[in-house]
Amino acid sequence: MTFRHAATLDEVPVGTSIPVDLGGDAEVAVVNTVDGIFAIRDVCSHAEVPLSEGEVDGCTLECYLHGSRFDLRTGEPLELPATQPVPVYPVKLEGDDIYVDIDNPINQEN
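Quick caveat, the model's predicted, so the values are computed rather than measured.

Calculation rules
Residues numbered from 1 in each chain as written. Predicted model: local features only at pLDDT ≥ 70, side-chain atom pairs only at ≥ 80, totals over all residues. Heavy atoms only, no water. Helix = DSSP H or I, 4+ residues; strand = E, 2+ residues; numbered from the N terminus. Contact = heavy atoms within 4.5 Å. Pairing = 2+ DSSP bridges. Axes fitted to C-alpha atoms, helices over the stretch in contact; angles between N-to-C directions. Salt bridge = Lys/Arg side-chain N within 4 Å of Asp/Glu carboxyl O. Buried < 20%, exposed > 50% of the residue type's maximum accessible area, 1.4 Å probe, protein only. Polar contact = N/O pair within 3.5 Å; in protein donor to acceptor, adjacent residues only side chain to side chain. Core = buried A, V, L, I, M, F, W, Y, C linked by side-chain atoms within 4.5 Å.

1. Here we look at the environment of V31
With respect to the element layout, V31 can be found in strand β3 (residues 27–33). V31 sits 65 residues away from D96 along the chain, and the two C-alpha atoms are 14 Å apart. Those residues in contact with V31 that sit more than four places away from it in its chain are V12, T16, S17, G36, I37, F38, V56, L61 and L72.

See the structure below:
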């Protein structure tokens, strides 16, 4: 696994998400919830809009444009109009530093 530094806890207060460019085609939303830190591809599978601009609710993130909500653990859409999952990535914390492994999505079959 290749973890890349994405942010610090100070940059992502609980209940928020931020966009992070990890290089190449690796735009992710880093999301801090009461249940932990998550990383999800920062593009809605229904429309090409950033998920990081949406509302965090529990372990879900809402696409602000059409209201689709995605499970941060699986990437699965929970509401229409989105029908396709979004990649989610392993996250690890080292102190206050958040690291994301974009090379090994959790919900992608190999």
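2. Looking at the sheet that holds strand β10 (residues 97–100)
Two pairing modes exist for strands in a sheet, parallel and antiparallel, and in both the strands are linked by backbone hydrogen bonds. As summarised here, the arrangement of the three strands in space is β1-β10-β9, forming an open sheet in which the pairing is antiparallel. Strands with a single pairing partner mark the edges of an open sheet, and in this sheet they are β1 (4–8) and β9 (91–94). When the angles between neighbouring strand axes are averaged without regard to direction, this sheet yields 35°. Of the strand pairs in this sheet, β9 and β10 are connected by four bridges, and their pairing is antiparallel. If you follow L93 over to β10, its bridge partner there is I98.

3. A word on the pattern of salt bridges
A full pass over the atoms with the stated rule returns four salt bridges. Between D103 and R4 there is a salt bridge, with the nearest N and O atoms lying 3.7 Å from each other. With D103 in the segment after β10 and R4 in strand β1, this pair connects stretches of sequence that are 99 residues apart. Note on R4: relative accessible area 28%, which makes it partly exposed.

4. A short note on the side chain of R69
One can find R69 in strand β7 (residues 69–71). Polar contacts involving the side chain of R69 include one to the side chain of E62, which spans 3.5 Å. The contact partners of R69, leaving out residues within four places of it in the chain, are E55, D57, T60, L61, E62, E76, P77, L78 and E79.

5. Focus on the sheet that holds β3
The four strands are arranged β2-β3-β4-β8 in an open sheet whose pairing can be described as antiparallel. Pairing within the sheet leaves two strands with one partner each, and these edge strands are β2 (16–21) and β8 (88–89). For strand β4 (residues 36–41) and β8, the ladder comprises two bridges, and the chain directions are antiparallel. Considered in β8, the bridge of I40 is made with V88.

6. Side note on the nonpolar core
If you look at the biggest cluster of nonpolar residues, it comprises 17 residues, and the most contacted ones within it are V31, I40, C44, L51, L61, F70 and L72. For this core, the elements supplying multiple residues, two or more each, are β3 and β4. Counting residues in hydrophobic clusters, the runner-up holds 15 residues, among them A6, A26, V100 and I102.

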